[in-house]
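Architecture at a glance
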Amino acid sequence: MRVLAEVHRRDGYPVNWPDRPREWLSHASPLGTWVAGLGGRVVGHVGLSRSGEGDLAPSLWSERNGTSEERTAVVSRLFVAPRARGHGIGALLIGRAVEEARGRGLHPVLDVVASDTAAAALYERLGWERLATVEQRWSPSQLVAVHCYAAAS
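Small disclaimer: the values here were computed from a predicted structure and weren't measured.

Some points on the packing of aromatic side chains
Under the counting rule described, the total for this entry stands at three aromatic pairs. Every member of this aromatic cluster is reached through a ring pair, and the members are Tyr123, Trp128 and Tyr149.

Looking at the pattern of salt bridges
Considering all chains together, one arrives at eight salt bridges under this definition. Arg83 is the partner of Glu6 in a salt bridge, and the nearest nitrogen-oxygen pair spans 2.8 Å. With Glu6 in helix α1 (residues 2–11) and Arg83 in the loop between β3 (72–80) and α4 (89–103), this pair connects stretches of sequence that are 77 residues apart. Relative accessible area serves as the criterion here: at 18%, Glu6 is assigned to the buried category. Classification of Arg83 as partly exposed rests on a relative accessible area of 41%. For Arg85, the salt bridge identified is with Asp11, shortest N-O distance 2.4 Å. Taken as a pair, Arg85 in the loop between β3 and α4 and Asp11 in helix α1 lie far apart in primary sequence, 74 residues in all. For Asp11, a relative accessible area of 40% gives the class partly exposed. Each of Arg2, Glu6 and Arg83 takes part in a single network of salt bridges with overlapping partners.

The rules behind these values
Here the residue numbers are simple positions, counted from 1 along each chain's written sequence. Whole-chain, interface and lining totals are the exception, using all residues; otherwise, since this is a predicted model, local features are given only for residues with pLDDT of at least 70 and side-chain atom pairs are given and counted only at 80 or more. The side-chain numbers reported here are obtained from all heavy atoms of the structure, hydrogens and water having been left aside. Here a pair means two rings of Phe, Tyr or Trp (six-membered ring of Trp) with centres within 6.5 Å. Their orientation is stacked below 30 degrees between planes, edge-to-face above 60, and tilted elsewhere. The term salt bridge refers to a side-chain nitrogen of Lys or Arg lying within 4 Å of a carboxyl oxygen of Asp or Glu. Counting from the N terminus, the helices are DSSP H or I runs at least four residues long and the strands are E runs at least two residues long. Working definition: with a 1.4 Å probe on protein chains only, accessible area under 20% of the residue-type maximum means buried, over 50% means exposed, and in between means partly exposed.

Here is the structure:
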C-alpha cells in the first residue's frame, strides 16, 4: 500500500484513490499478481485478469481480430515506486504478465488513461499497439480519455 500511495501522490495513479486500496489491488487480478523487489523492498506491482466492467481494450481487440473477448487477458494495476524507476522494473513486470497470458492461450491487452504519458510511452517502447483512444465516463462529472492497447502478436 505504501508504494501505491507514493505513486498516487507523485503521478496521480490511480486517478481516483480507492476506498479500499488493498482490495482494489487484489480483487481485479484472478489470473495472477506479481511484485518486484529492489534492495529487499517491494517496488512494483502488476496484475492480470479477465475482462471486467469498464475494460475497453478486450472488445476492441476481439472485434479487430474476429474473436471473443474471452481470448484476452487484461494487464492492470501496474506501478513502480518513483525511487526505483530506470531499472527496467515496469518492463519486467509487464513481461511476466504477458508470459502468463500467452501461457494460458490469451492475448494481453490494457487500458491506460491518456494523461499517463509515461505509461503509454513504456507500452509503445515495448511494441504494444494502440487500438484506439476512447472517452469513458467514470462518473456523472468525470469524463476520461483512455488509450486502449494490445500486445504485439
